[in-house]
Structures are given as C-alpha cells and as structure tokens.
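Chains, contacts and geometry: an overview
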Amino acid sequence: MSRVEFWQGNVSLAYGAIAAGCRFFGGYPITPSSEIAEVMAEEMPACNGRFIQMEDEIGGIAATIGGAVTGYKSMTATSGPGFSLKQENLGLAYMAEIPIVVVDVMRGGPSTGLPTSIAQQDVMQARWGTHGDHATIAYAPSSVQECYEVAIKAFNMAERFRQPVLIMSDEVLGHMREKVIVPDKETLAIVDRKKPSCSPEEFIPYRPDPEDNLPPMASFGDGYRWHITGLTHNEWGFPTNCPEEIAKKSARLMDKVNAYRDEIVEYETENVEDADVIVVAYGSVARTALSAVRHARDKGLKAGYFRPVTLWPFPDRELEPLAEKAGRLIVPELNFGQMVHEVERAVHGKAAIAQMSLVNGELFQPSEILEKIEEVAG
Amino acid sequence: MPRPEVLDWLRKRFFPHMWCPGCGHGIIMHAILRALVDSGKKREETVIASGIGCSSRMPGYIDSCTIHTTHGRSLAFATGIKLANPELTIVDVMGDGDCTAIGGNHFIHACRRNIGITAVVMNNNIYGMTGGQASPTTPPGARATTAPYGAIDPPFDVCKLAQGAGATYVARATIAQPVLCEQYIKNGIANKGFSVIEIISSCHTQFGRKNNRRTPVDNLNYFKNNSVPLSRAQSMSPVDLEGKIVTGEFVKREAPEYTELYRSLVERVGGGK
Ligand SMILES: Cc1ncc(C[n+]2csc(CCOP(=O)(O)OP(=O)(O)O)c2C)c(N)n1
Ligand code: SF4
Ligand SMILES: [Mg+2]
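Residues numbered from 1 in each chain as written. Chains lettered and ligands numbered in written order. Predicted model: local features only at pLDDT ≥ 70, side-chain atom pairs only at ≥ 80, totals over all residues. Heavy atoms only, no water.

On to the domain arrangement of chain A, then. Residues and elements named next belong to chain A. According to the domain assignment, chain A contains domain 1 (3-187) and domain 2 (267-377). Once you take the C-alpha centre of each, domain 1 and domain 2 turn out to be 26 Å apart. In this complex, domain 1 contributes 27 residues to the contact, which on the side of domain 2 involves 22 residues. Of the roughly 2,000 Å² buried between domain 1 and domain 2 on both sides combined, carbon and sulfur atoms contribute 56%. (Domains from an automatic or database assignment. Contact = heavy atoms within 4.5 Å. Buried area = accessible area lost by both parts, 1.4 Å probe.)

See below:
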C-alpha cells in the first residue's frame, strides 16, 4: 500500500535512499543539507544500517566509499563548500568504479556564499568538479516527490554502472514541504550491483563482462581478495603505464554513460508540440517556469516547457528537434549562465536562445519569466 | 628468506615493487606480514589500507583485500570499512607526511573514536615519493629539497600525538629492530581499539643523500646508535634525550571500541532485530 507523507525535500530524499536500500551514510553537517544526515542518524541504527558523522566532508565521502566497498549501498550529502571538499575522493570513486550516491543541496557561492539561500551554481562543478575525464550522471529533482524518486534512481544507476551518481538538489527544494505519495515497497524496481560468479582464484576485479562491458564487484569480506587504487590500472586493478591498458580503462569509464545514454537520460515536457518558444529549466526554477508557461498559454501564447531531469547526461538529442521547431528558447538559471551552454551545444544554432540569470539568493518570479516569454514570442 | 606462510601473502603478480633497493619500507612490510600470519589472520578477512606515498604503495604487494586511497585520507576510508564490517582486521599503513600533514585530522579522530584499526606509521622523516621535501617529522636542522637551509619547523612526535588524541595502544620501534616491529604490530592487532605503531624507517634516496646517511646501512647504524628504550629514557635528562629515538610501548589501555559502541546503539534502538 502506498501512503501519503508531508515532507521536506531533504527528508523525502533520505527516505527515498533508504527505500533504494541505502544502509550506510557518512557525512558532515552543512546547511542546507543537514536534514538528510539527521534522518539517516535516526534511521540507520534502527535498521542495522550504518551512520557516522565524520570529521569533515573529505572523511564523509571516504567513509562512504569504505561502506560501498564493504558491500553497502552508501550515500553522503552536502552543500557547496562540502561539495568542493569531496571532489578528490569523488574522483577516486570514478576511477576505482565504486557505486556511491552524493547529494549536493545547492546554495549560493562562491565560498561560504549564501548558506540559507537557493542557487544553481554547482551544476558545472557536478560535471567537471573532480580533475580528469570521467562520465557524470547527475539528477536535478524539482519536487519533494521527485526527491524521493531520484534517490532510488540514483542508487539504481550507481549500482548498475559501478560509479558515483550525483543528486543536485537546491535549498528551496530541500526545505520546502509538500505532499509525497510514498510508493509500496513491492512496486519499486531496485537494482543491486552485479557480483562475481567465479571463484576467488579466478576473479579478475576489473575485467568487464563481454555482454555489458561492466565488471562485477566483490565486497571486502565476502571471500574475494582484490586491490583498489585511484591510480590508472589494468584489469587486475594494478597501476599501469602501458598505453593500451590506459586507453582501454579510460575509454571504458566514459563508455558507461555514453553507451547507455538513452537509458539514463530523463526529461519532462509540456506543451512543446506546437510551441513557438520553449522555456528550458531545471530544479526549483522549473516550477516557476512551468507556472509562467501555463499563464502564457492562458493568454494565448504558444509557450512550451522542457525540463531536464538528468542534467548529466543532458537530454541534448531530445531537445534539439523541439528547439528547431520552436525556433526560440528561454533558459532561466540561478547563476550567470551554466546549463545554457549545454543548451547552446544541444541545439546547434537552430534556435535563438534568451538567457535569464538571477544571482541574488532568490527565485525568479513567474511574472518575470512570463514577461520574457511575451517579449521573445512577440 | 620469508617463511612460506608469509610468502603466501605476497601478490607475486604485481612484482617487481617500486621501492628503491634498500628502502626501509620493505622491512616494515615483512614485519606486518609476519604479525598477521602469527596472529592467525586470513587474507580474505584482512584489509590493508593506505594513502599516497612510497610507504602507501605497500597494499598493492599484499594478497588480501587492499585499498590504496588518496593522500592522507586512508583512515577515513578504513573507518567506513570497519564500521561496515567490524569482523575485518584492518591494518592502515601511512607515511609520515600522509599521517601527520594532510591526514592529521583523520588521524586524531581515528584515535579519538578508538576504532579497531591498526595504524602503522612509516616515518622516514621526509616526503620520499615526491622528491625529498620536508615533512612535519623532519627534524629541525635537517635538509630537504624544500628546506635547503635546514628545517626550522618544530616536528610532531607521532606517539605523543596519538596518545593525546586517545589511541589505546601506542608504540615505537625502528627498522633496525625488526623483531620488535613485528611484536608491536602483533600487540596492536590484538588490541581491540585503535593502535598506532610508529616505525622509524629510512629513505636513503631522499633524506639520506642530504643528511649524511647515504646508504641503507648508514641509516640502520644511525638508528642503532641513537635509539633508547623507554625504560632507560625514563631516567635520562631532556638534554641527554635530545635527538634520540625513544622506542617502546607508550600506551596500553582499555577503552570501549567504536564499532562495539555502535553495535550497542543498534541493539538499544532495536535495529538488530
Ligand atoms: C592531495 C595530494 N597532495 C599532494 C600529493 C603529492 N604527494 C604524493 S606522496 C606525498 C608525500 C609522501 O610522503 P610520506 O607520506 O611521508 O610517504 P613516503 O613517500 O615518504 O613513504 C605527496 C606530497 C598527492 N598525491 N595528493
Ligand atoms: S624514495 Fe625513499 S621512501 Fe621512496 S622507495 Fe626510495 S628509499 Fe624508499
Ligand atoms: Mg615519509
């Protein structure tokens, strides 16, 4: 039986993670993400899971990776300054192919910035924050209900592809209360990591299976002995300087997302078929955008709405034909222009793009986006 | 020649190792393996964790569950592993830079939690891997590539740091005392809580070449001539102790171990059901 809750976004996200099977949380308090840690502190011991408040965010993600290599579905959550601190170990999780979920509840930056105000300034950091090439999966929920849902999806993707998955929430969403329909556990599709089927003697830890190009993962303590390192390594997990081995490993890390891109990408649209102008927005801003688009329709304007649910990989192929047909896009963001570059890349010059930036700690007013729609459409 | 049951713990596939011939770290690896074997540990139930440095390359050579993490952070990873599965035996090997510079925060908090991990700090008083820069344990006056006129920074005493932060077993030996190293590591593994064994190691390549200890033997002789057992040190004056390496067991005490506290918490809130 499904049930109804009235939750904050952060609380919803934490319960979504638990429903996905998360049983390990390592973190460090930071506004506006702390409620996630607080829920986990309460719930983990109660289900024989693990919660630990570490000495800093670097330790938070390190312990989380430790939990993951020991067989637990593991998560950490933070905000801007902590997200910066986590970047080096996030890279280790990409390189060593460790499934974890990392939540960034975005607040204003740079630096300590605006701890209690919304922003969308970390979306490029999600893609490029850790050094070196890697393929990113990042969700941007836009309702409290969706916080629950993307937490499950994020774990499923992390487990399936053996890599970190990011959830880019924001301060408004994290603290806003809304109705959540909590689905019946039996109805959830839950993915667990692929385990080795061979004997410990035959186990080659980073040899991908031919059918999906993904290696199964053993856990420390389950009888297999293997080596984990952040150094570029061969199929034995051992550091290599061999150009062929380096090329193979590096390409496989990118291929996880490239090869399965269509199964990962998610987006939502409304009124795009006949639209003359489409507003492309994500996270909390998408709510304002949708309201403006509906107002515009009421006024007889052919406005449409496109919301990437996955920021990375970006739904570029899906946006392009719609953008070409409409000819005009509006991209409102709470930063000086980050995803707008991705929109530009996606549409190949086939639509005019009007960028809207707001960096004052607040959300756009629906009227501001509506005015822009009128201006662009008119 | 190592005993056959010790040789079983080597991941022969990954040899040759990257250490310079004569590097002190190999003596420590051998002592760790003897201690593990003599403590009756199984390879698939033992985790060797490390950060980054010459010392931290050790896990690659050991055929157990091994994790070579990021510079300074290994204890935070190991904390997660131990909390996830308290049945595992965890030895965390670190360099002096790894442990006391970039990893200082994780080190003191692992001591404070008294989590059941054995930390082996391989102190060669220098950043070996990156070319001989000064570390927080480089003695004042010693030369390093980033202290060309001699170091002026006051150094850390790893054992005092560990004791002050709450570790329940703390000992120091030098690589010139391999049997003592093995014994202390064994005692550390037997201790339920957080154990720190500082082993004074040598880097003739980086430290030695700038400080008149050019060969491995120079270093071993230096350690032999300058070590003082704790029993003797206790009756020596601070002046006489200047520049001496005090070896021995500094802390051996009982305190609740972290994952046991966590398990009681789980039972208290009914999560064990
Ligand atoms: C974040 C980060 N900073 C710096 C380095 C470069 N680095 C690699 S090893 C090392 C120092 C190693 O010294 P120590 O821990 O004493 O180990 P040793 O090589 O002497 O055994 C440094 C600074 C790094 N790998 N990562
Ligand atoms: S540089 Fe120094 S610490 Fe590194 S392997 Fe050589 S002797 Fe050992
Ligand atoms: Mg060193």
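This next bit is on the interface of chain A and chain B. Reports often express the size of an interface as the amount of accessible area lost when the parts come together. Contacts between chain A and chain B engage 40 residues on the former and 41 residues on the latter. Surface buried jointly by chain A and chain B totals about 3,300 Å² across both partners, of which 63% is contributed by carbon and sulfur atoms. Where chain A meets chain B, there are 18 residue pairs in polar contact (both at pLDDT 80 or more). Counting residues per element, the ones that place at least two in the side of chain A that touches chain B are helix 2 (34-46), strand 3 (50-53), helix 3 (57-69), helix 4 (80-96) and strand 10 (227-229) of chain A. Tallying contributions element by element places helix 3 of chain A first for the side of chain A that touches chain B, with 8 residues. The residue inventory of the side of chain A that touches chain B, partitioned by class, reads 22 nonpolar, 13 polar and 5 charged. Inspection of the sheet shows strand 10 of chain A paired to strand 2 (residues 65-68) of chain B by 3 bridges, in the parallel sense. Of the residues in strand 2 of chain B, the one forming a bridge with His227(A) is Thr66(B). (Polar contact = N/O pair within 3.5 Å; in protein donor to acceptor, adjacent residues only side chain to side chain. Helix = DSSP H or I, 4+ residues; strand = E, 2+ residues; numbered from the N terminus. Nonpolar A, V, L, I, M, F, W, Y, C, P; charged D, E, K, R; others polar. Pairing = 2+ DSSP bridges.)

Let's shift gears to the sheet that holds strand 10 of chain A. Taken together, the 9 strands give an open sheet; going across it, the order is 10(A)-2(B)-1(B)-3(B)-4(B)-6(B)-5(B)-8(B)-7(B), and neighbouring strands pair in mixed fashion. Each edge of the open sheet carries a strand with a single partner, namely strand 10 of chain A together with strand 7 (227-229) of chain B. When the angles between neighbouring strand axes are averaged without regard to direction, this sheet yields 20°. Across the sheet, helix 8 (residues 216-226) of chain B touches strand 5 (169-174), strand 6 (195-200), strand 7 and strand 8 (245-252) of chain B, and the angle it forms with strand 7 of chain B is around 40°. (Axes fitted to C-alpha atoms, helices over the stretch in contact; angles between N-to-C directions.)

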